[in-house]
Amino acid sequence: MRRPRTLVAMGAQVARRLLREPVTSRLAMVADCDPGQVVHDFTGVDLADVEVLYTSWGCPMVSADVLARAPRLRAIVHAAGSVKHHVSDACWQRGILVSTAAAANAEPVAEFTLAAILFANKRVVDIARDYRAGRTDRDWDARYPGFGNYRRTAGIVGASRIGRRVIELLRPFDLEVLVSDPYLHEDLGAERVGLDELVARSDVVSLHAPDLPETRRMIDAGRLAAMRDGATLINTARAALVDQDALVAELVKGRLYAVLDHTEPEILPAGSPLYDLPNALVTPHIAGSLGGELARMADLAVDELARYARGLPFAHEVEPATLSRSA
């Protein structure tokens, strides 16, 4: 197997977390690459012999000027999700092959979502708070009528990689699963419905759509008002999908619950009511790959690099035609 000349391009802190053993040994084995040489700015870097870029978060834009200095560049292997931040139109025009580890990053988000759905219906956060506050009657059925997961309805908005994986993970449970996505034309084992019907029927609405002009504020005041009393909105996608002011208004009323892993701004100001509302669980964008989960993305990217070195097509190739409706 030949070893294509490969350059690591990503943020320095990302590299320290991502490029650890055994990933670095595997990377050096399948490619002519020094994992210790990490580029976060292409200015002044000799790219003349580089055939592959092994990238992740913090990779600088691979612009037309950069490509002009990299005549042998043929592929970009991205050890993270979206490639929109660094793969320019010039890359597609030149026919650069691009792979993404989005499938690996989807796994922890889907796991987080599964846990959030099950905990939301079981009212785990609420009951834990009540228990800590000293409630001794323990008549949880009276306090939370109908709580539990049996025959509840979960609505998945967006048949993305993550949305599809969430649907798969929900199969063993006695839940009705709905899915809404205008581009979905296949059977995922969930009932396909329109978005308005989904929000009205679901006990939990979980967002997995990309941030696009047509999806921004898709969960607006009207759709929030249409949600069932006591329903939960889970957002592990992007804050732009939700009218956050309208959501806060519903949460202040106490009518809905929310699990938010992404907010606007991403770091909420100190006075935000979302910090203290008892029916809102806000986490700091932790659903995606962190800690030991980063190795899954790094390994997938090395696997893709090994396929390229053997002359095989990428298993996770990015098709430029799909970028207009993906994250």
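Residues numbered from 1 in each chain as written. Predicted model: local features only at pLDDT ≥ 70, side-chain atom pairs only at ≥ 80, totals over all residues. Heavy atoms only, no water.

1. A few points about the packing of helix H5 (residues 102-122) against helix H8 (residues 161-170)
Now for step 1: Where H5 meets H8, the closest approach of the two axes is 8 Å, and the angle between their N-to-C directions is 50°. Classified by the interaxial angle, the pair formed by H5 and H8 is oblique. For H5 against H8, the interelement crossing comes out right-handed. Counted together, Ala 102, Ala 103, Ala 106, Glu 107, Val 109, Ala 110, Glu 111, Thr 113, Leu 114 and Ile 117 of H5 and Arg 161, Ile 162, Arg 165, Val 166, Leu 169 and Leu 170 of H8 form the full contact between these two elements.
Now for step 2: In terms of residue class, the contact of H5 with H8 is built from 11 nonpolar, 1 polar and 4 charged. (Axes fitted to C-alpha atoms, helices over the stretch in contact; angles between N-to-C directions. Helix = DSSP H or I, 4+ residues; strand = E, 2+ residues; numbered from the N terminus. Parallel < 35°, antiparallel > 145°, perpendicular 65-115°, else oblique. Left-handed = near helix turned anticlockwise from the far one by under 90°. Contact = heavy atoms within 4.5 Å. Nonpolar A, V, L, I, M, F, W, Y, C, P; charged D, E, K, R; others polar.)

2. A short note on the side chain of Glu 304
Now for step 1: Assignment of secondary structure puts Glu 304 in helix H12 (residues 294-309).
Now for step 2: Buried charge without a partner: Glu 304 forms no salt bridge, and the closest opposite charge is Arg 307, 4.1 Å away.
Now for step 3: The residues contacting Glu 304, other than those within four sequence positions of it, are Val 77, Ser 99, Phe 314, Ala 315, His 316 and Glu 317. (Buried < 20%, exposed > 50% of the residue type's maximum accessible area, 1.4 Å probe, protein only. Lys, Arg positive; Asp, Glu negative; His and termini not counted. Salt bridge = Lys/Arg side-chain N within 4 Å of Asp/Glu carboxyl O.)

3. Focus on the sheet that holds strand S4 (residues 75-78)
Now for step 1: One open sheet holds the 5 strands; their spatial order is S2-S1-S3-S4-S5, and the pairing between them is parallel. In this open sheet, the two strands that pair with only one neighbour each are strand S2 (38-39) and strand S5 (97-100).
Now for step 2: Bridge count between strand S1 (residues 6-9) and strand S3 (residues 52-55): 4 bridges; the pairing is parallel. Opposite Thr 6, over in S3, you have Val 52 as the bridge partner. (Pairing = 2+ DSSP bridges.)

4. So, H8
Now for step 1: Turning to H8, its buried residues number three or more, namely Gly 163, Val 166, Ile 167, Leu 169 and Leu 170. Along the axis of H8, the buried residues cluster in a sector spanning 165°; they form a single face.
Now for step 2: In this structure, the buried residues of H8 make contact with H5, strand S6 (153-157) and strand S7 (176-180). (Arc of directions from axis to C-beta.)

5. Describing the environment of Pro 182
Now for step 1: Among the structural elements, Pro 182 can be located in the loop between S7 and strand S8 (191-192).
Now for step 2: Sequence separation between Pro 182 and Arg 151 is 31 residues, and the spatial gap between their C-alpha atoms is 26 Å.

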